[in-house]
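Fold and contact review
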Amino acid sequence: MSLLKLHLLGSPVLRQRSPELAGVDPETQRLIDDMFETMDAAKGVGLAANQVGVAQRVAVIDADGERFAMVNPVLVTTEGRATAEEGCLSIPDVFGDVARPERVVLEALDREGRPFRKEVGGLIARAIQHELDHLDGILFLDHLSPLRRQMLLARWRKEHKDDPSYLKDVEPETSRSG
Ligand SMILES: [Zn+2]
């Protein structure tokens, strides 16, 4: 396994809709294993493949004691509404309150290519929705009010003006976010 480089805000792949996979092959499984390792090192609760530069509908989750990969994930139903603070491994040190459905029913393929279904709420439901957004080219910033988003983006640009690169080596000891 190997640590992958994270793509940060500004990387075009974060704004693309990632296409479905025909199935899970050994290459997909290697990607999943590397994504788990990278998410762990970055102390994230979730990671989508385009965050490591791969435009495929693959994501991994480690939240509330549940750890799983999802390939071609789809939300079958959503229910309720809850607001909580979110962050993103692709937008380090930026946080904002995001309102999302509180419970979801997820269908996806697992690491072995087997279909599974999961009914979850709380942090896992939030992490799943955050990662599914990534696969559609959506960032949590897009859910904030325009004013709040502009403020955070202005601060981000100021802090990154001397570092235009959108690739980041994963170091252990960053804050835990998705
Ligand atoms: Zn994210």
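Reference entry: report on the structure contained in this document. (Residues numbered from 1 in each chain as written. Predicted model: local features only at pLDDT ≥ 70, side-chain atom pairs only at ≥ 80, totals over all residues.)

**Quick word on the environment of Pro146**
Examined against the element boundaries, Pro146 turns out to sit in helix α3 (residues 146-159). It is 16 Å that separates the C-alpha atoms of Pro146 and Arg157, two residues lying 11 residues apart in sequence. (Helix = DSSP H or I, 4+ residues; strand = E, 2+ residues; numbered from the N terminus.)

**Concerning the nonpolar core**
If you look at the biggest cluster of nonpolar residues, it comprises 36 residues, and the most contacted ones within it are Met35, Ala59, Val60, Ile61 and Ile128. Elements with a minimum of two residues in this core: α1 (26-41), β2 (46-48), β3 (58-63), β4 (66-79), β7 (103-109) and α2 (122-135). With 6 residues, the single largest contributor to this core is α2. Those residues in contact with Ile128 that lie beyond four places of it in its chain are Ile61, Val104, Leu106 and Val120. (Core = buried A, V, L, I, M, F, W, Y, C linked by C-beta atoms within 7 Å. Buried ≥ 20, exposed ≤ 12 C-beta atoms within 10 Å, placed from the backbone. Contact = placed C-beta atoms within 7 Å.)

**Some words on the sheet that holds β7**
Overall, antiparallel pairing links the 5 strands, which are arranged β2-β3-β4-β7-β8 in an open sheet. Both edges of this open sheet fall to β2 and β8 (115-121), since each of them pairs with a single strand only. Pairs of neighbouring strands in the sheet enclose a mean axial angle of 40°, with direction left out of account. With 6 bridges joining them, β4 and β7 adopt antiparallel strand pairing. Each bridged residue has a counterpart across the sheet, and for Val71 the counterpart in β7 is Leu109. In the packing of α1 onto the sheet, the strands contacted are β2, β3 and β4, and the crossing angle to β3 comes to about 35°. Across the sheet, α2 lies against β2, β3, β4, β7 and β8, angled at about 160° from β3, the strand it touches most. (Pairing = 2+ DSSP bridges. Axes fitted to C-alpha atoms, helices over the stretch in contact; angles between N-to-C directions.)

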